[in-house]
Amino acid sequence: MTSSQVDQHHDGNEAVLVEESESGEGYQRGLGARQIQMIAIGGAIGTGLFLGAGKGISKAGPSLILAYAIAGLVIFLIMRALGELLMYRPVSGSFSEYAREFIGPFAGFVTGWTYWLFWVVTGITEVTAAAAYMTYWFDIPQWVSALIFTIVLYGANLISVKLFGELEFWFSMVKVTAIIGMILICVGILTIGFSDAGDTASVSHLWNDGGFFPHGVGNTLMTLQMVMFAFLAVELVGVTAGESKDPKTVLPKAINTVPWRIAVFYVGALIMILSVVPWTSFQPGVSPFVAAFEKMGLAAGAGIVNFVVLTAALSSCNSGMYSTGRMLRDLALNGQGPKLFTKLTRSGTPLVGTSVSAALMLVGVWINYQWPGKAFDYVVSFATISGMWAWIVILICQIRYRRKADRGELPQSEFRAPGAPYTSVFALLFILMVIVMMGIDKDARVSLYCAPLWALVLGVAYWVLKRRNPEAAAFRKR
């Protein structure tokens, strides 16, 4: 939407804003409430929980539950800040659009390309992981599975946004069902006492085995970086704004479910697992769900968790296919990317952007197969810091938008973030604290090494852009 459109609708007629946004972008609003809700839920549940929580438990013990609760509160503040912006102007590629409007054209350029790279790298790692999970059942080369998964997801994303939403709905349904099933089994063990773990299961495991902070508060604080990484992609619901059938109603509902999603799927699941199985039984690199199933004497547990993790990986890759095409098209529409990325299929999907991103994902799988060394690990680690960059941009944009809206320069959002701008400032400081912790932790420090290199690449690219197309680098006041 142009600045003149915003000015013309300063009276707050959001329905007209949404309608014009749709015609301006060319997308079809094919995502319904059911799909948006499950995309929002699935975005908060990934391999970070199913696999990564094992390392956090061994490092912090039961206090990891508190780390997830605190980080979950910050995630909710970020999502409410995003929600306020989305109700002001729901557009696809929202992060770079808001950065361009409230910070400047360079910020929009950096945010769009960084978020695109985040999902390409994530897609590479996830499709490779999905291929590895297939070897649990089938003795086939990993590259064959990776190729099949990439082609299928690529095709689904090109057919229609509705099919993407449907795939994401069922991927999320598998993850949700698995966690709820685990919680119910644990409740049954704690109350009725069935299975091999029935005799030893007790809520007292949360404080008896070395206390709630067995390794000290410092180690618990250090796990916050792993916890925040587990929540990466929760902001994906913002990218769907331009293709939601009723964003004014659906998006606020999806965002407001964040607290109970985190309370049930992270905090609730960990409380149950650590009550049934002592935290000392878990090891880094081993899924706590697998370990819990084995302790319960459920032999099928490993296969079930492998299927769920496979689903989580495919879900992430599916989201990557979706978001990368939208980000590239948004950049192209604003003159900050090649014009060929603006092309849409008849069903309203960004053909070239999605195709280029899918091709890069396949190249990444091949590179990972040929040279699984440190260089590739450095690229993968960059995904974490680039994902948090989107959160930082969201918060800064919300603070600046609120300031303008309160002065009457822009229409007020009907979905105002509670306690803002103070809550947004608190969330920003929290993210900065996590980044500092990444610098302290030698295992996570590599993520920060990649950031300056990427910033240099973007800086040079933007300098070239300004020389070739000064209009694309001009600040457009809204």
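I'm lost on the overall build of the protein in this one. Help?
Scanning the protein from N- to C-terminus turns up 21 helices and zero strands. Counting every position in the protein, which comprises 478 residues, the buried fraction comes to 58%. Looking at the protein alone, contacts between residues at least 24 apart form 81% of all its contacts between residues at least 6 apart.

Sorry, what's going on with the packing of aromatic side chains here?
For any pair of aromatic rings, geometry is given as the distance between the ring centres together with the angle between the planes. Going through the model one piece at a time under the given rule, you end up with 18 aromatic pairs. Where Tyr 88 meets Phe 102, the ring centres are 5.9 Å apart and the plane angle is 55 degrees; that geometry is what we call tilted. Taken together, the residues span a long stretch of sequence, with Tyr 88 in helix α6 (residues 64-88) and Phe 102 in helix α7 (residues 94-102) at a distance of 14 residues. Just as Tyr 88 is buried, Phe 102 falls in that class too. Residue classification places Phe 102 among the buried positions, given a relative accessible area of 4%. Through a chain of ring-to-ring contacts, the aromatic side chains of Phe 106, Phe 109, Trp 113, Trp 116 and Tyr 462 assemble into a single cluster. Cation over ring: Arg 80 sits above Phe 415, and NZ or CZ is 3.9 Å from the ring centre.

What should I look at first to understand the pattern of salt bridges in this one?
When the charged atoms of two side chains lie near each other, side chains of opposite charge can form a pair. Under the definition given, this model contains seven salt bridges. As a salt-bridge pair, Arg 100 and Glu 97 come within 2.7 Å of each other at their nearest N and O atoms. On the criterion of helical spacing, the pair formed by Arg 100 and Glu 97 is a turn pair, its members being three residues apart in helix α7. Given the relative accessible area of 5%, Arg 100 is considered buried. The exposure class assigned to Glu 97 is buried, which follows from its relative accessible area of 7%. Across the pair Asp 406 and Arg 416 runs a salt bridge whose closest N-O atoms are separated by 3.7 Å.

Sorry if this is basic, but what is going on with the nonpolar core here?
Most often, soluble globular proteins have nonpolar side chains that are buried together. Core analysis: the biggest nonpolar cluster contains 145 residues, and Tyr 68, Ile 75 and Trp 391 have the highest contact counts within it. With 18 residues, the top contributor of residues to this core is helix α8 (residues 105-134). Setting aside anything within four residues of it in sequence, one finds Trp 391 in contact with Ile 75, Ile 78, Met 228, Phe 231, Leu 232, Val 234, Glu 235 and Ile 431.

Teacher, can you tell me more about a nonpolar patch on the surface here?
A surface patch of nonpolar side chains, about 380 Å² in accessible area, is lined by Leu 66, Ile 70, Phe 213, Val 217 and Leu 221. Looking at the secondary structure, you find Leu 66 in helix α6. Residue Leu 66 is classed as partly exposed on the basis of its relative accessible area, which comes to 34%.

Explanation requested: the packing of helix α9 (residues 142-159) against helix α10 (residues 161-191) in the structure shown.
Remark: α9 packs on α10, axes separated minimally by 7 Å, with the N-to-C direction vectors making an angle of 130 degrees. Accordingly, the angle class assigned to the pair α9 and α10 is oblique. On α10, the residues touching Leu 153, Ala 156, Asn 157 and Ile 159 of α9 are Leu 163, Phe 164, Leu 167 and Phe 171. Class assignment of the residues belonging to the contact of α9 with α10 gives a composition of seven nonpolar, one polar and no charged.

For this particular structure, what's the right way to read the environment of Met 272?
Relative to the elements of secondary structure, Met 272 occurs in helix α15 (residues 258-276). When its relative accessible area of 16% is taken as the criterion, Met 272 is described as buried. Leaving out residues up to four positions away in the same chain, Met 272 has contacts with Ile 183, Cys 186, Val 187 and Leu 190.

Help me out: how do you make sense of the packing of helix α14 (residues 247-256) against α15 in this one?
The relative placement of two packed helices is expressed as an angle between their axes plus a distance between the axes. Taken N-terminus to C-terminus, the directions of α14 and α15 make an angle of 35 degrees; their axes are 5 Å apart at the nearest point. Seen from α14, the contacting residues are Ala 254, Ile 255 and Asn 256; seen from α15, they are Val 258, Pro 259, Trp 260 and Arg 261. Here the residues of the contact of α14 with α15 sort into five nonpolar, one polar and one charged.

For this particular structure, what's the right way to read the environment of Arg 403?
Residue placement: Arg 403 occurs in helix α19 (residues 374-406). What makes Arg 403 partly exposed here is its relative accessible area of 45%.

Explain the side chain of Thr 223 to me, please; I cannot follow it from the model alone.
In this fold, Thr 223 is placed in the loop between α12 (216-222) and α13 (224-230). In this structure Thr 223 comes out as buried when scored by relative accessible area, which is 0%.

Explanation requested: the environment of Ile 140 in the structure shown.
Secondary-structure assignment places Ile 140 in the loop between α8 and α9. Beyond its immediate sequence surroundings of up to four residues, Ile 140 is in contact with Thr 135 and Ser 145.

When you look at α9 in this model, what are you seeing that I'm missing?
Side chains that are three or four residues apart share a direction in an α-helix, a result of its 3.6 residues per turn. Taking 1.5 Å per residue, 18 residues should reach 26 Å; α9 reaches 26 Å between its end C-alpha atoms and fits that length. Looking only at α9, the buried set comprises Ser 145, Ala 146, Phe 149, Thr 150, Leu 153, Ala 156, Asn 157 and Leu 158.

Can you walk me through the side chain of Arg 329 in this structure?
With respect to the helices and strands, Arg 329 occurs in helix α17 (residues 301-333). Residue classification places Arg 329 among the buried positions, given a relative accessible area of 6%. Within the local environment of Arg 329, its side chain forms a polar contact with the backbone oxygen of Thr 342, the two atoms lying 2.8 Å apart.

Cut-off values and rules
- Residues numbered from 1 in each chain as written.
- Predicted model: local features only at pLDDT ≥ 70, side-chain atom pairs only at ≥ 80, totals over all residues.
- Heavy atoms only, no water.
- Helix = DSSP H or I, 4+ residues; strand = E, 2+ residues; numbered from the N terminus.
- Buried < 20%, exposed > 50% of the residue type's maximum accessible area, 1.4 Å probe, protein only.
- Contact = heavy atoms within 4.5 Å.
- Phe/Tyr/Trp six-rings, centres within 6.5 Å; stacked < 30°, edge-to-face > 60°.
- Lys NZ or Arg CZ within 6 Å of the ring centre and 35° of its normal.
- Salt bridge = Lys/Arg side-chain N within 4 Å of Asp/Glu carboxyl O.
- Core = buried A, V, L, I, M, F, W, Y, C linked by side-chain atoms within 4.5 Å.
- Patch = residues over 30% accessible without salt bridge, like charges linked within 9 Å, V, L, I, M, F, W, Y side chains within 5 Å.
- Areas by Shrake-Rupley, 256 points an atom, 1.4 Å probe, with all protein chains shown as cover.
- Axes fitted to C-alpha atoms, helices over the stretch in contact; angles between N-to-C directions.
- Parallel < 35°, antiparallel > 145°, perpendicular 65-115°, else oblique.
- Nonpolar A, V, L, I, M, F, W, Y, C, P; charged D, E, K, R; others polar.
- Expected span 1.5 Å × (residues − 1).
- Polar contact = N/O pair within 3.5 Å; in protein donor to acceptor, adjacent residues only side chain to side chain.

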